Amino acid sequence: MGEAIQANQEEATAVPPLSEALARGIADLFPAGRDPDPDQRLEARLAESARQGRPLRVKLGIDPTGSDIHLGHSLLFRKLRAFQNAGHTAVLIIGDFTARIGDPTGKSSTRVQLDAAAVEANAATYLAQLGQGQPPERALLDFETPGRLEVRRNSEWLTGLDLPQVIELLGIGTVGQMLAKEDFANRYGSGTPISLHEFLYPLLQGYDSVAVQADLELGGTDQKFNVAMGRDMQRHFGQRPQFGLLLPILPGLDGVQKMSKSLGNTVGLIEDPLSMYSKLEKVPDAVVEDYLTLLTDLDTAALPEGPRQRQKAMALEVTATRHGREAAVQAQADAARLVAAGLSGAGQVSGDLSAESVPEASLAGLAFPLKAFYLLSALQVCASSSEGRRQIQGGGVKLDGEKLSDPNQEFSSPQELAGKVLQLGRKTFRRLVA
RNA sequence: GGGUCGGUGCCCGAGUGGUUAAUGGGGGCGGACUGUAAAUCCGCUGGCUCUGCCUACGUUGGUUCAAAUCCAACCCGGCCCA
């Protein structure tokens, strides 16, 4: 008895706090009991893991519903990587089955269901963007070190469920729980339709945790309900319930709404350095600190105080984490030159810019002579030729720093344009090549 | 299944037979200003290699010289009842 108490005390004092890499930016961690109980406190579970030499299984699910991963997703992967670096096993679940239901979280309407082929294509591009096939130093996730990554698809276990099993799952949640979930509550309250199959989504995501025997699930704060559902599921199936580690939802470039492709306020993971840097260095001041915390490892206390300097430091560092420091520094310099050229109204920026930082746009395949407004849509700088026309009329289009004024201005040959830089507004640049 | 109300451009939302890509707001884009920001002001915001031509108000038909606006059927949804 006395020994047991002593052992407990030893354990209590022996549990180290979470490392900076694991703790940084966490919005919520549950359960967070006070006792040194490895089922109630993550620090204790980590200590147990170290003692037993058994890596924790850290689950992160992604639904391959789009083709691009953006910075808003990346903070979850960064945290997952931090667990990999600490020696744990990342279990990346590709929600190929659930993607076809559509996560109702954060949605104000039923999501369109995708077909299997589209989902599979998206999954492949996701893995590529996460760094599959690249060395761990350059990749977002460590794909190479043995035991550090499992990639699973939830169709593996969800496709085979039969009706009795589905009914068992449905029995674990209640209508009250579902309607208490904010998204459903809002939709129900405002008379927006909720399809019955949408109730299945949290249950299936929870069941994923059972299938992979997760110790910990990562997610955005909007995932709390679903992650908690995983705990209920695991308990029901006789497993130790997972911990939930939630990260903030990254605000988008507008600084207000969450970063989301449909809102058009994203920075893509594979975006070129110049546009990545240019977008980041003008995010609203209010979100710069969030970006620093969630997207970099910088010691924010050591940065200069001026908001503009912090903004630049953040943009540089985030760009560097994706493209390397050299490319980021180059992008920063190019961004400054472009702005200077734009402000002075002087042309001839093209020669000063490094080739790789301004995306190229090929003139090949275009029929000359062509008119200025058509050029914009043909190069996909504008969504339509009509929009191109309007942008020129609005004074937003420059060629080598010189404002175009006539949408109907004709260019007779590719040589007339090759080597020049086409600019739309302040953010969009294209180096024209023949 | 019954009753009832409704489906308008990226979103919300006017418009109820007749200049019209269709009031207004939001959002977005562009311009001025600025810190490449915010705030403010101004412009644009269906498509088309465009001085003109197309396509648009859930769908399909119909009435009419003329329809987003009238009629019919159908599809989809909210609410109430079952």
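Check the entry above for the structure.
A few points on the structure.

Rules of the game
Residues numbered from 1 in each chain as written. Chains lettered and ligands numbered in written order. Predicted model: local features only at pLDDT ≥ 70, side-chain atom pairs only at ≥ 80, totals over all residues. Heavy atoms only, no water. Pairing = 2+ DSSP bridges. Helix = DSSP H or I, 4+ residues; strand = E, 2+ residues; numbered from the N terminus. Contact = heavy atoms within 4.5 Å. Buried < 20%, exposed > 50% of the residue type's maximum accessible area, 1.4 Å probe, protein only. Right-handed = clockwise from strand over helix to strand, strands pointing away. Near = heavy atom within 4 Å. Polar contact = N/O pair within 3.5 Å; in protein donor to acceptor, adjacent residues only side chain to side chain.

## Concerning the sheet that holds strand S13 (residues 428–433)
At step 1: Ordered by their spatial adjacency, five strands build an open sheet running S7-S13-S12-S9-S10, and the pairing between neighbours is mixed. The open sheet terminates on both sides in strands that have one partner only, identified here as strand S7 (360–362) and strand S10 (402–403).
At step 2: Taken together, the two bridges between strand S9 (residues 397–399) and S10 define a ladder with antiparallel strand orientation. The residue bridging Lys398 from the neighbouring strand is Lys403, located in S10.

## With respect to the side chain of Glu43
At step 1: By secondary structure assignment, the location of Glu43 is in helix H3 (residues 42–52).
At step 2: If we skip the residues at most four places from it in the chain, Glu43 touches Val15, Pro16, Pro17 and Leu18.

## Overview of the pairing of strand S6 (residues 243–247)
At step 1: Judged by how many residues are buried, S6 sits mostly within the fold: five of five residues are covered.
At step 2: What you see with S6 is no split at all: Phe243, Leu245 and Leu247 on one side and Gly244 and Leu246 on the other are buried throughout.
At step 3: Pairing analysis gives three bridges linking strand S1 (residues 28–30) to S6, with the strands arranged antiparallel. Looking across to S6, one finds that Asp28 is bridged to Leu246.
At step 4: Where strand S5 (residues 216–220) meets S6, five bridges bridge the pair, whose relative direction is parallel. Bridging across to S6, Leu218 finds its partner in Leu245.
At step 5: A crossover links S5 with its parallel partner S6, the connecting element being helix H11 (residues 224–236), and its sense is right-handed.

## Overview of the protein's contact with RNA strand B
At step 1: Around RNA strand B sit 24 residues in total, of which Glu281, Arg308, Ser385, Arg390 and Gln391 are the nearest.
At step 2: When atoms of RNA strand B within 4 Å of the protein are split into backbone and base, the sugar-phosphate part holds 56%.
At step 3: Within the contact set of RNA strand B, a base nitrogen lies 2.7 Å away from a side-chain nitrogen or oxygen of Ser385.
At step 4: Among the secondary structure elements, those contributing two or more residues to the surface near RNA strand B are helix H14 (307–323), helix H16 (372–378) and helix H17 (385–393).
At step 5: Among the elements that take part in the surface near RNA strand B, H17 stands out by supplying five residues, more than any other.

## Section: the environment of Gly419
At step 1: Residue placement: Gly419 occurs in the loop between helix H18 (414–417) and strand S12 (421–424).
At step 2: Residue Gly419 is classed as partly exposed on the basis of its relative accessible area, which comes to 35%.
At step 3: Placed 14 residues apart in sequence, Gly419 and Val433 show a C-alpha to C-alpha distance of 5.7 Å.

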